[in-house]
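# Structure at a glance
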Amino acid sequence: MITQGVKTGERALLKVQREASLKLELPSLGMSSGMQEKLVEQVASAGMVIISAPAGQGLTSTWQAVLNAADRFTRDFVGVADFDDRETERENVEIQRIDSRQGQSAADLLPRMILKQPNAFVMPKIADQKTLDILTHQAVNENRSVITKVQAGSAAEAVLRLMTLSGDRSQFTRSVNAVTCQRLVRKLCDKCKQPVQANPQAVKQM
């Protein structure tokens, strides 16, 4: 629950989120074993890993699966997320909260977090140049991991979206380890789905 004073009194936002009945893992998303190994290896390495997907095609699911696959028990993970972000909450990931709608930036918190000497930064959203430049500096010069996500139609578009924010593009390109852009197909629940008579015209079109 988030409350905020406004001119007319007080604004309250209540978000009820059902606990997932299934812990998302990379194999359950259809990712090949070879790609899984390479992705987990890059997440554990110094540098930036960018997770992307088109709108409504599984970005949150892939993001959660990557965080689940990361070694959060022998490495120190810290992150910055908006107050209403719950997809990034994971055991052994220390999350600091900001309200981007009030102009708060992750860059304001990062210097203090860097003093803790973390192994990895989890950033569900990089919204400004200062934040991106701090993180790419940490990846290139301090050998730390950075995991972030971007909504994009392709891996190339995801890189370009972040690159346009960068103040030091040379440093940015040296920081990027891997980019994924996985489109997920939604499946009906085996317990809930029911047969329906298909429209012959729809079948013909398919």
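The paragraphs below set out a description of the structure included in this document. Numbers given for residues are sequential positions, taken from 1 along each chain in its written order. Only residues with pLDDT of 70 or above have their local features reported here, since the model is predicted, and side-chain atom pairs are shown and tallied only from 80 upward, although totals for entire chains, interfaces and linings are computed over all residues. Think of the side-chain values as coming from all heavy atoms in the structure, minus any hydrogens and water.

A word on the side chain of Arg90. Looking at where Arg90 falls in the secondary structure, it is placed in the loop between strand 4 (77-82) and strand 5 (93-98). Here the term buried applies to any residue with accessible area under 20% of the maximum for its type, exposed to any over 50%, and partly exposed to those in between, with areas from a 1.4 Å probe on protein chains only. Neither His nor the chain ends is counted toward charge; the positive residues are Lys and Arg and the negative residues Asp and Glu. Any Lys or Arg side-chain nitrogen located within 4 Å of an Asp or Glu carboxyl oxygen qualifies as a salt bridge. Buried and unpaired, Arg90 has Glu89 as its nearest opposite-charge partner, separated by 7.2 Å. Only DSSP runs of H or I reaching four residues or more are called helices, and only runs of E reaching two or more are called strands; each is numbered from the N terminus.

Okay, the sheet that holds strand 6 (residues 120-123) next. One open sheet holds the six strands; their spatial order is 5-4-6-7-3-8, and the pairing between them is parallel. The strands lining the two open edges of the sheet, one partner per strand, are strand 5 and strand 8 (176-181). Neighbouring strand axes in the sheet, compared pairwise and without regard to direction, differ in orientation by 20° on average. By definition, two strands form a pair when at least two bridges between them are found by DSSP. Relative to strand 6, strand 4 is paired through three bridges, and the arrangement is parallel. Paired with Val78 across the bridge in strand 6 is Phe121. Running over the sheet, helix 2 (residues 59-69) touches strand 3 (47-53), strand 6 and strand 7 (145-151) and is turned about 170° from strand 7. Angles run from 0 to 180 degrees between N-to-C directions of axes, and those axes are lines fitted to C-alpha atoms, restricted for helices to the stretch in contact. Here, residues are in contact when the closest pair of their heavy atoms is within 4.5 Å.

Here the focus is the packing of aromatic side chains. Here a Phe, Tyr or Trp ring, Trp counted by its six-membered ring, pairs with any other such ring whose centre lies within 6.5 Å, and the pair is stacked when the planes are under 30 degrees apart, edge-to-face when over 60, and tilted otherwise. Scanning the model with the defined rule gives zero aromatic pairs in all. Only when the NZ of Lys or the CZ of Arg is both within 6 Å of the ring centre and within 35 degrees of the ring normal is a charge said to sit over the ring. Over the aromatic face of Trp63 sits the side chain of Lys149, whose NZ or CZ is 5.9 Å from the ring centroid.

Another point: the pairing of strand 3. Burial runs high along strand 3: seven of the seven residues are buried. The side-chain alternation of strand 3 yields two buried faces, one formed by Gly47, Val49, Ile51 and Ala53 and the other by Met48, Ile50 and Ser52. Bridge count between strand 3 and strand 7: seven bridges; the pairing is parallel. Following the sheet pairing, Ala53 is matched in strand 7 by Gln151. Sheet analysis places strand 3 next to strand 8, joined by five bridges and oriented parallel. The partner of Val49 across the bridge, within strand 8, is Ala178.

With that settled, the discussion passes to the nonpolar core. The biggest cluster of nonpolar side chains holds 25 residues, and the ones touching the most others in it are Met48, Val80 and Phe121. Secondary-structure elements contributing two or more residues to this core are strand 3, strand 4, helix 3 (110-114), strand 6, helix 4 (129-141), strand 7 and helix 5 (155-163). In terms of residue count, helix 4 provides more of this core than any other element does, four residues in total. Apart from residues no more than four positions distant in its own chain, Val80 is found in contact with Gln96, Ile98, Ala106, Leu109, Leu110, Met113, Val122, Met123 and Pro124. Residues belong to a common nonpolar core when they are buried Ala, Val, Leu, Ile, Met, Phe, Trp, Tyr or Cys residues joined through side-chain atoms within 4.5 Å. In terms of nonpolar packing, the next biggest core, distinct from the first, is built from 24 residues, Val49, Trp63, Ala65 and Phe77 among them.

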